[in-house]
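For reference, the chains in residue letters:
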Amino acid sequence: MALSDSVTTCLSPPVHYVICKLGFEKKDTYNINNILSENGEVCWQAVTEHVCYLESDQSVDYIKSIRSLGPVCESVNLHFKSLTKEQFVIQYALWFRWTNYTELFLEVFDVLQYTQTTEVALGLMKLTSCLERALGDVYLLIGKDCPFLLRDLLASEQLAIVFGQAVMNVLRVFIGSPYGLNLRNVLWHGFASPQEIPVKYCAMLLFLTAGLGQLLQTYLLQTKCILVHRPYVIFVSLEELDVFPGKYLTISKYLNHETLSIAEELVKLSSFVLKTMLPFWMAALTAFKQSRYADCVILLLPQLEVGLRLLFTTTNQCPNRLLTAEVKFLSKVSYDLMLAKHLDNEEVNQLPAVLEEPAMASEFLWDFLNHQEGPRIRDRLSHGEINLEAFPREVANQIVAFAITLLCRFSDGDMFAFKEHMVIKPLMNCASCYHSRFHPISRLKKQVLECMKSIHLWPELPTVPEEHIQTIKGLEGNAEASTLILMISEIISQLQQHMPQNCYSSDDPISSVLTERLLIELCDTCICTLYSPRPVLEILVVLRKISTQCHQVSEQVIASTELRYKQWMNKALRSRQRHNYLRMLNSVKFLSPVLRFILVLITLELVNIHLVCRKNPFDYQQYLKFLKSVLQYAENLVTYTSPEKNKWDETMELTNKALIKIRKISDRKLMLMQLAT
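- Identification of the chain as EMARD protein from Pygoscelis papua is taken from an unreviewed UniProt entry.

Quick look at the structure:
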């Protein structure tokens, strides 16, 4: 029997007891009127008295508190079941407004009426993420930087001031504390199956959220403060997330009814799916069919984590990491560990090898979940940063397609027909050749190409006739500019061996080398982004800053050139301004190859970073010192070319000094590309 069939729970016996049994031990019938007044207000004192404390340090005794609150939760659940939707709206809807998402809490009420375990779990995941976001907004009434982790937020002094410490302790019994029920983390990390989450805990959190709204209203009236909701995160550049099924193909063509039907069959047969979690997978695919894209992704992400954890624990021979999901150690078996190069005992993580194509899972997951400049979908969904009603299908497309490739990859050998199916095979092919889009290396490539496109606009800028420039004293011949071009040519000649042969001409190195074509070819070079060592990441930070500064110089040149030309034509420039404008035009002619040279230099260094750090130990601090001097030049260039400064003669002097330093470094063969050969 496959492990995915034999596993009946991912909760350790202690955790399973706390979540599934502890709150049911007291058989008392609790009267709802004890905690709910006639006018519909939550009687918090009657709720907080069920929280127990340790005699030793007066901290919360979570075991006793859960046991004591069990009958209260059941009473609340029965109370909600006794209400019609209209009654619930009249009595409670007002108190959910502080969350900025009243509709979600009304939706959770609907779920409670039918007690479908999968929908209850989904409702609880959405409720906790929305509640966390709302509590963060309340925190900002007093504090400045909202804590990222829910446990830190709930333990904050700021929320205790608004709601009272006793109230916050009630919340921590249910969410946030690793010693309580910790419902949010257990669900979002995929440890609990649908049937392991008691419905009454979802009902209780719904009830507590309304009670928090009542307390907040009192606080706002007393302090005359206004609660401001932070704007939702909006996914931009969705085309960058368009991974499946590949270039020139439309994902909607492939994620059709036929594909989703195949996916449903794969879910039932794939060893990637724990059988206890199968309802979550089916519910996710159903949600996608119904265009409930946020629900689909919320359900799928924890299940991807479960499947990868199953592979991780099997390949690294640590099955207890799957089956002993002690809540206080949740983070040790999450994506961060599974995607790491080494285990916490310093042994090599075997999961990438099992995936065969590391890009198929590791790079995709790093891109979509972890990289700071990526969409960070799981973080943003679980912390309530995304408007669920406007969740883009483009993102759901990619997660569903990726999930299908994993289902296929980890299926039995007799499923060849599925893998070769006309709608599945393109997804598999695309996954096998995936390269990171949000790693700093990938972002630097994008930056460099965007900067080069900006510089390529310079020749199209409006300008005065050449004879006007020649009339300015001091610009004739311009020996200094010629010296700059000569130095660049010399450095390029030294770097020729590191460039593609079809992108270089010895007759005209400036025009033939410093081109967008060369940069595109260099950026197409496959560079390993997984497990980048610290030196690489530190070097990338500086290279990206240099590229950013160069781009700003280009944008400033474009803006100044267009403005001054317009003023020239309108005869709105004074004599000194006309003189400075013509000097700018003269300097810009020579500044273009300089910036293009720096971009080529950055890209050549980028291409060789991983080779150096894996082949040769080197003094990267010395190399960083060199790069920081180039960065200093670029930053000074931004200052001198700004509309406020317009120091064009100084720009030429600054450039001359920088090129001399670069040439010396190149002569000594201390540059990174020399180390890579």
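**Thoughts on the overall build of the chain**
Step number 1: Scanning the chain for helices and strands turns up 34 helices and zero strands.
Step number 2: By the burial criterion, 57% of the 677 residues in the chain qualify as buried.
Step number 3: Accessible surface, the chain: about 29400 Å² in total, of which carbon and sulfur atoms supply 52%.

**Notes on helix H29 (residues 516–523)**
Step number 1: Regarding H29, the residues found buried are Glu516, Leu518, Leu519, Leu522 and Cys523. The arc that holds every buried residue of H29, seen down its axis, measures 160 degrees, which confines them to one face.

**Quick look at empty space enclosed by the protein**
Step number 1: On inspection of all chains with the given rule, the structure shows five cavities of 30 Å³ or more.
Step number 2: Size it by volume and the largest cavity reaches roughly 70 Å³.
Step number 3: What lines the largest cavity is simply Tyr101, Ser129, Cys130, Arg133, Tyr232, Leu381, Gly384, Ile386 and Leu388.
Step number 4: Residue contributions to the lining of the largest cavity peak at three residues, all from helix H7 (residues 117–139).
Step number 5: Class assignment for the residues of the lining of the largest cavity results in six nonpolar, two polar and one charged.

**Focus: the nonpolar core**
Step number 1: Counting 161 residues, the largest nonpolar core has Phe80, Phe174, Ile377 and Phe391 as the members making the most contacts within it.
Step number 2: Filtering out sequence-adjacent residues up to four positions away, Phe80 remains in contact with Phe88, Tyr92, Phe109, Leu112, Gln113, Ala203, Leu206 and Phe207.
Step number 3: With 68 residues, the next largest nonpolar core counts Leu522, Val594, Leu627 and Leu659 among its residues.

**Let's talk about the side chain of Asn349**
Step number 1: The residue Asn349 is located in the loop between helix H18 (335–338) and helix H19 (351–354) in this model.
Step number 2: Residue Asn349 is classed as buried on the basis of its relative accessible area, which comes to 5%.
Step number 3: Reaching out from Asn349, the side chain makes a polar contact with the side chain of Asn316 at a distance of 3.0 Å.
Step number 4: Apart from residues no more than four positions distant in its own chain, Asn349 is found in contact with Phe312, Asn316, Leu337, Met338, Leu339, Ala340, Lys341, His342 and Leu343.

**Brief notes about unusual backbone geometry**
Step number 1: Positive phi values are uncommon outside glycine, yet Gln58 reaches one of about 60 degrees.
Step number 2: Along the polypeptide, Gln58 turns up in the loop between helix H3 (44–48) and helix H4 (62–81).
Step number 3: Looking at Gln58, the relative accessible area reads 54%, which means it is exposed.
Step number 4: A positive phi angle, close to 60 degrees, is found at Lys224, a residue other than glycine.
Step number 5: Counting through the fold element by element, Lys224 comes out in the loop between helix H12 (199–223) and helix H13 (251–254).
Step number 6: Owing to a relative accessible area of 72%, Lys224 belongs among the exposed residues under this scheme.

**Section: the environment of Tyr179**
Step number 1: If you trace the backbone, Tyr179 turns up in the loop between helix H10 (165–174) and helix H11 (183–188).
Step number 2: Through-space distance from the C-alpha of Tyr179 to that of Asp61 is 9.0 Å; in sequence the pair is 118 residues apart.

**Description of the environment of Ala401**
Step number 1: Its place among the elements puts Ala401 in helix H22 (residues 393–409).
Step number 2: By relative accessible area, which is 0% here, Ala401 ends up buried.
Step number 3: The spatial distance from the C-alpha of Ala401 to the C-alpha of Ala263 is 9.5 Å, given a sequence separation of 138 residues.

**Topic: the packing of aromatic side chains**
Step number 1: Summed over the entire model, instances satisfying the criterion amount to 18 aromatic pairs.
Step number 2: A ring pair is formed by Phe235 and Phe391, whose centres lie 6.1 Å apart and whose planes are at 90 degrees; its orientation type is edge-to-face. Remark: Phe391 occurs in the loop between helix H21 (377–382) and H22 and Phe235 occurs in the loop between H12 and H13; sequence separation between them is 156 residues. Here the two residues Phe235 and Phe391 agree in accessibility, since each one is buried.
Step number 3: Geometrically, the ring pair formed by Phe272 and Trp281 is edge-to-face, given 6.3 Å between the ring centres and 80 degrees between the ring planes. In this pair, the class of Phe272 matches that of Trp281, namely buried.

**As for the confidence of the model for the chain**
Step number 1: Across the chain, the average pLDDT comes to 86, with 86% of residues at or above 70.
Step number 2: Across the chain, the secondary-structure element scoring lowest on mean pLDDT is helix H34 (residues 672–676), at 53, and the one scoring highest is H10, at 98.

**Digging into the packing of helix H16 (residues 293–315) against H22**
Step number 1: Relative orientation of the contacting elements H16 and H22 amounts to 35 degrees, with a least axis distance of 10 Å. Relative to H22, H16 is oriented so that their crossing is left-handed. Within the contact between the two elements, H16 uses Tyr293, Cys296, Val297, Leu300, Leu301 and Leu304 and H22 uses Arg393, Ala396, Ile399, Val400, Phe402, Ala403 and Leu406.
Step number 2: When its residues are assigned to classes, the contact of H16 with H22 shows twelve nonpolar, no polar and one charged.

**Comments concerning helix H30 (residues 534–569)**
Step number 1: Across its 36 residues, H30 extends 53 Å between first and last C-alpha, which sits within 8% of the 52 Å expected from 1.5 Å per residue.
Step number 2: Two residues or fewer past H30, Lys571 is found with a positive phi of approximately 55 degrees.

**Side note on the pattern of salt bridges**
Step number 1: Enumeration over the complete set of coordinates arrives at 20 salt bridges.
Step number 2: A salt bridge links Arg292 to Asp295; its shortest N-O distance comes to 2.6 Å.
Step number 3: Take Arg292: its relative accessible area is 26%, and that puts it in the partly exposed class.
Step number 4: Salt bridges sharing common partners tie together Glu240, Glu373, Arg443, Lys446, Glu450 and Arg544.

**Here we look at the environment of Lys661**
Step number 1: Turning to its location among the elements, Lys661 is positioned in helix H33 (residues 648–667).
Step number 2: Through-space distance from the C-alpha of Lys661 to that of Ser629 is 8.8 Å; in sequence the pair is 32 residues apart.

What counts, and where the lines are drawn
Here, residues in each chain are numbered from 1, in the same order as that chain's written sequence. Only residues with pLDDT of at least 70 get local features here, since the model is predicted, and only at 80 or more are side-chain atom pairs given and counted; chain-wide, interface and lining totals rely on the full set of residues. Excluding hydrogens and water, the side-chain values take into account all heavy atoms of the structure. Working definition: helices are DSSP H or I runs of at least four residues, strands are E runs of at least two. Numbering for both runs from the N terminus. Burial classes follow relative accessibility: with a 1.4 Å probe on protein chains only, a residue under 20% of its type's maximum area counts as buried, one over 50% as exposed, and anything between as partly exposed. Here the accessible surface of atoms and residues is derived via Shrake-Rupley with a 1.4 Å probe, and residues count as covered only by protein chains that are part of the display. Directions pointing from the helix axis toward each C-beta atom define the arc. We place a 1 Å grid over just the protein atoms. Points where a 1.4 Å probe fits but has no way out form a cavity, open points with protein on both sides within 12 Å along at least 5 of 7 lines form a pocket, and any residue with an atom within 4 Å of a point lines it. Grid points are joined across faces, edges and corners, and a volume is the space filled by probe spheres set on the points. Charged means Asp, Glu, Lys or Arg here, nonpolar means Ala, Val, Leu, Ile, Met, Phe, Trp, Tyr, Cys or Pro, and polar covers whatever is left, Gly included. The set of buried Ala, Val, Leu, Ile, Met, Phe, Trp, Tyr and Cys residues whose side-chain atoms join them within 4.5 Å is what this entry labels a nonpolar core. Whether two residues touch is decided by their heavy atoms; if any such pair falls within 4.5 Å, the residues are in contact. Pairs of N or O atoms are called polar contacts if they sit within 3.5 Å, as long as, within protein, a hydrogen donor faces a hydrogen acceptor (for residues adjacent in sequence, only side-chain-to-side-chain pairs). Aromatic contacts are taken between Phe, Tyr and Trp rings whose centres are within 6.5 Å, Trp giving its six-membered ring; a plane angle under 30 degrees counts as stacked, one over 60 as edge-to-face, and the others as tilted. Confidence of the predictor in every single residue is expressed as pLDDT, which spans 0 to 100. Between the N-to-C directions of two axes lies an angle of 0 to 180 degrees, each axis being a line fitted to C-alpha atoms and, for a helix, fitted only over the stretch in contact. Handedness of each helix crossing follows the sense of rotation of the near helix against the far helix: counterclockwise by less than a right angle gives left-handed, clockwise gives right-handed. By this rule, a helix spans an expected 1.5 Å times one less than how many residues it contains. One speaks of a salt bridge when a side-chain nitrogen belonging to Lys or Arg is within 4 Å of a carboxyl oxygen belonging to Asp or Glu.

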